[in-house]
Amino acid sequence: RFGFRYNFRKVGFNFRNTFGKMFRKGEGAGTVSGFAAACTAMANTIGVGNIGGVMVAILYGGPGAVLWMPITALVTSAISYAENSLGQVYKVRMDGQYRGGPYFYMANGIKWKSLGKVMAVIFALFATIGVPFMVTGPSASNISMAFENSLGVAPIISGILIAVLLFLVISGGIRRIASVSTIIVPFMTIGYLLLTIITLVGNASAVPGAIATICASAFNGSAMFGGM
């Protein structure tokens, strides 16, 4: 409940402490600025999945899935706020940088320590297996398909290039990830918004019918499943 209230009532506070501190450095050793932290978080949510994921949702749930996507986003944004808050509370300093997340707040925050450590290990195991196959793998596949279809670049070439660039970024730790994100994410976000607006304006006559179709087909199990 607090997550919902915070997301809606503290929008101004959030912007002041992220985008309002665009040119400030992180306060304290091992930290990054609020803007860099926001860009790093957005880099994980704005990407290939916003195109490929929507396509898969509509493929499985039909047009009605579109209605459930923003509803799901409202719920998950509150969960994300709780996650990030716990990550801050139970973060630890390692190798001159702060690290946090589910592994740490499960291991250190759950009252029954043995249960918390077991849950942390299980989460880490699923993340180790799931992230390459369900996050980075499909994204890299979509990118290589796009290069192959539009420019004729062989997938193996795209894969190697993506792997090298990824290594160069993550090998520098959170500071390099944040630095790269502050450069890429603003342009990527603006590009997404411009393309969306251009597409909607160019197909303005079809928008009312599309909205009607979405609403009419939203209330069935497959639409809800696809949207979520």
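Criteria and thresholds
- Numbering of residues starts from 1 in every chain and runs along the sequence as written.
- Residues qualify for local features only when their pLDDT is at least 70, as the model is predicted, and side-chain atom pairs are given and counted only at 80 or more; totals for whole chains, interfaces and linings, by contrast, use all residues.
- For side-chain calculations, the full set of non-hydrogen atoms in the structure is used, while hydrogens and water are omitted.
- Geometry of aromatic contacts follows a simple scheme: Phe, Tyr and Trp rings, the Trp one being its six-membered ring, pair when their centres are within 6.5 Å, and the pair is stacked under 30 degrees between planes, edge-to-face over 60, tilted otherwise.
- Runs of H or I in DSSP of at least four residues are treated as helices and runs of E of at least two as strands, each being numbered from the N terminus.
- Exposure categories follow from relative accessible area, calculated using a 1.4 Å probe and restricted to protein chains: below 20% of the type maximum is buried, above 50% is exposed, and the middle band is partly exposed.
- The predictor's confidence in any single residue is recorded as pLDDT, a number from 0 to 100.
- Exposure above 30% relative accessible area and the absence of a salt bridge qualify a residue for a patch, where like charges join within 9 Å and nonpolar side chains (Val, Leu, Ile, Met, Phe, Trp, Tyr) within 5 Å.
- With residues, only the protein chains shown are counted as cover, and all accessible areas are computed by Shrake-Rupley using a 1.4 Å probe.
- Within this document, salt bridges are pairs made up of a side-chain nitrogen of Lys or Arg and a carboxyl oxygen of Asp or Glu, the two lying within 4 Å of each other.
- The contact criterion used is simple: two residues touch if any of their non-hydrogen atoms lie within 4.5 Å.
- Angles here are taken between N-to-C directions and fall from 0 to 180 degrees, while the axes themselves are lines fitted to C-alpha atoms, restricted in helices to the stretch in contact.
- Should an angle lie under 35 degrees it is considered roughly parallel, over 145 roughly antiparallel, and from 65 to 115 roughly perpendicular; all remaining angles are considered oblique.
- Crossings are sorted by hand: turned counterclockwise from the far helix by less than a right angle, the near helix makes the crossing left-handed, and turned clockwise it makes it right-handed.

Student: Describe the packing of aromatic side chains, with residues and values.
Tutor: Counted by the stated rule, this structure contains 2 aromatic pairs. Aromatic pair W68 and F219: ring centres 6.1 Å apart, planes at 80°, arrangement edge-to-face. With W68 in helix α5 (residues 65–89) and F219 in the loop between α10 (207–216) and α11 (221–227), this residue pair connects regions lying 151 residues apart in the sequence. By relative accessible area, which is 63% here, F219 ends up exposed.

Student: An account of the confidence of the model for the protein is needed here, citing residue identities and associated values.
Tutor: Residues with a pLDDT of 70 or more make up 90% of the protein, whose mean pLDDT is 83. The element-level mean pLDDT for the protein is lowest in helix α1 (residues 2–9), coming to 62, with α10 highest at 93.

Student: Please provide a residue-by-residue account of the environment of I157, values included.
Tutor: For I157, the position within the fold is in helix α8 (residues 155–170). Its relative accessible area of 49% is what places I157 among the partly exposed residues. For the pair I157 and F147, spaced 10 residues apart in sequence, the C-alpha to C-alpha distance is 9.8 Å.

Student: I'd like to hear about a nonpolar patch on the surface, residue by residue, with values.
Tutor: Taken together, the side chains of I156, I157, I160, L161, V164, L165, F167 and L168 define a hydrophobic patch exposed on the protein surface, amounting to about 800 Å² of accessible area. With respect to the secondary-structure elements, V164 resides in helix α8.

Student: Talk me through the environment of V54; I want residue IDs and the actual numbers.
Tutor: Summarising the element assignment, V54 is placed in helix α4 (residues 49–61). Residues V54 and A65, 11 residues apart in the sequence, show an inter-C-alpha distance of 8.7 Å. With near-sequence residues (within four places) excluded, V54 lies in contact with G49 and M69.

Student: Break down the side chain of S144 for me, with residues and values.
Tutor: Of note, S144 is situated in helix α7 (residues 113–151). Classification of S144 as buried rests on a relative accessible area of 10%. If sequence neighbours within four positions are ignored, S144 has contacts with P155 and S158.

Student: Quick one: what's the story with the side chain of S158, residue by residue and with numbers?
Tutor: Looking at the secondary structure, you find S158 in helix α8. When near neighbours in sequence (up to four residues on either side) are disregarded, S158 contacts S144, F147 and V153.

Student: Please give an account of the packing of α4 against α5 that cites residues and values.
Tutor: Axis separation between α4 and α5 bottoms out at 9 Å; the angle between their running directions is 125°. Judged on the interaxial angle alone, α5 and α4 are oblique. At the point where α4 passes α5, the crossing takes the right-handed sense. Residues V54, A57, I58 and G61 of α4 touch α5, and the partners they reach there are A65, V66 and M69.

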